[in-house]
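What follows is each chain in one-letter form.
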Amino acid sequence: MYQSLININSVCISVKMRLSAVLLFCAASLTLAGGVSVRSLLFSSESASNFVTVQPQKPLDLSAFTLCLRLATELKMEQREIILFAYRTKYYDELNLWRELDGRIGLYLSGDGVFFQMPPLGSLQTHLCITWDSLTGATSVFMDGKKSLTKIYQKRHNVRSGGQIIIGQDPDEYLGGFDANQSFVGEISDINLWSNVLPDTVIKAMADNGNTVQTGDVIDWSVANLEVTGQVNVVNRDM
Ligand SMILES: *[C@@H]1O[C@H](CO)[C@@H](O)[C@H](O)[C@H]1NC(C)=O
């Protein structure tokens, strides 16, 4: 992607026209060149052994967050639960995101969860975000930029550092105790985590226009170190 931009720029420079025309040509080319490339994880089969650990940019010591990702799955509702994101310390599911058996989106910050009735996830890519703020407990889900109602959950709680981020499996211990019947099957990408609640308009812009890929301060998907265990394909996706 950066390579192609450079090529376009050199074409721009070599075109001998009046300056204004050159600028117009270059601007149009850059628009057509499209957006950024992000890594995408393909989980093609159900397993209790395929997963990816994600190394965050800083510890998950959080009194607020925005977690966003893009996903598609062909697993049908009412078939089973699916883990979407797991962050576990030794004894607690610190920040776990699920699609529940009945299709609701479930968030667990240690202990019982909070659930959101949303349109079903499916085989077309969905941009999914969840925001939480300890001060008020305000928790909301965004699906393709559209916001759910707000629920009050885990007021004055804190997400603790020292855990492991896992994509593809739900760990029932620090890194293990996986159940194939909860594993993620499908494609998941652009997983970013911020230590604050992003404005609605920023989340909507991200969903509407993949070109403006924003990256989190806690998980920055453009640089986060990923470690694959088992059969997970990492491909590049041009947004
Ligand atoms: C998988 O999970 C669903 C509910 O989440 C359950 O109904 C089903 O029996 C489970 N299947 C197996 C093989 O454990």
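Just so it is clear, the structure is predicted and the values come from calculations on it, not from any experiment.

Focus on the pairing of strand β12 (residues 164–167)
- The side-chain alternation of β12 yields two buried faces, one formed by Q164 and I166 and the other by I165 and I167.
- When strand β2 (residues 51–55) meets β12, the two strands line up antiparallel, connected through three bridges. Considered in β12, the bridge of V52 is made with I167.
- Sheet analysis places strand β4 (residues 82–88) next to β12, joined by three bridges and oriented antiparallel. Across the sheet, residue Y87 finds its bridge partner in β12, namely I165.

Focus on the state of the cysteines
- The tally for this structure, following the rule as stated, stands at one disulfide.
- In this model C68 forms its disulfide with C129; the gap between the sulfur atoms is 2.1 Å. Between C68 and C129 the sulfur-sulfur dihedral comes to about 110 degrees; the bridge is accordingly right-handed. Residue C68 is located in strand β3 (residues 64–72), and its partner C129 is located in strand β8 (residues 126–133); the two are separated by 61 residues in the primary sequence.

Thoughts on the site of the ligand
- Neighbouring the ligand are Q79, R80, E81, L101 and N181.
- Summarising the interface, the protein chains cover 36% of the accessible area of the ligand, which totals 360 Å² for the free molecule.
- Here the shell around the ligand is composed, by residue class, of one nonpolar, two polar and two charged.

Structural notes on the confidence of the model for the chain
- Taken over all residues, the pLDDT of the chain has a mean of 87, while the share at 70 or more is 85%.
- Taken as a whole, residues 1–32 scores under 50 in pLDDT and shows 15 contacts with residues more than four places along the chain or in a different chain.

Some details on unusual backbone geometry
- One non-glycine residue, E78, lies in positive phi territory at about 70 degrees.
- Structurally, E78 is set in the loop between β3 and β4.
- In this structure E78 comes out as exposed when scored by relative accessible area, which is 55%.
- Notably, Q154 is not glycine yet its phi reads approximately 50 degrees, a positive angle.
- Tracing the backbone shows Q154 in the loop between β11 (151–152) and β12.
- Given a relative accessible area of 25%, Q154 falls into the partly exposed group.

Observations regarding the packing of aromatic side chains
- Taken as a whole, this structure holds four aromatic pairs when the rule is applied.
- Summarising the aromatic geometry, the rings of F43 and F184 are spaced 5.7 Å apart at their centres and angled 90 degrees between planes, so their arrangement reads as edge-to-face. One end of the pair, F43, is in strand β1 (residues 37–43); the other, F184, is in the loop between β12 and β13 (186–194), and 141 residues separate them in sequence. Comparing F43 with F184, the two get one shared label, buried.
- Ring geometry for Y108 versus F115: centroids 5.8 Å apart, planes at 80 degrees, classification edge-to-face.
- Overall, F115 belongs to the partly exposed group, its relative accessible area being 23%.

Digging into the side chain of S47
- Summarising the element assignment, S47 is placed in the loop between β1 and β2.
- For S47, a relative accessible area of 11% puts it in the buried group.
- Not counting chain neighbours up to four residues away, the residues in contact with S47 comprise Q169, A180 and S183.

Each value, and the rule that gives it
Residues numbered from 1 in each chain as written. Predicted model: local features only at pLDDT ≥ 70, side-chain atom pairs only at ≥ 80, totals over all residues. Heavy atoms only, no water. Buried < 20%, exposed > 50% of the residue type's maximum accessible area, 1.4 Å probe, protein only. Helix = DSSP H or I, 4+ residues; strand = E, 2+ residues; numbered from the N terminus. Pairing = 2+ DSSP bridges. Disulfide = S-S within 2.5 Å. Near = heavy atom within 4 Å. Areas by Shrake-Rupley, 256 points an atom, 1.4 Å probe, with all protein chains shown as cover. Nonpolar A, V, L, I, M, F, W, Y, C, P; charged D, E, K, R; others polar. pLDDT = per-residue confidence, 0-100. Contact = heavy atoms within 4.5 Å. Phe/Tyr/Trp six-rings, centres within 6.5 Å; stacked < 30°, edge-to-face > 60°.

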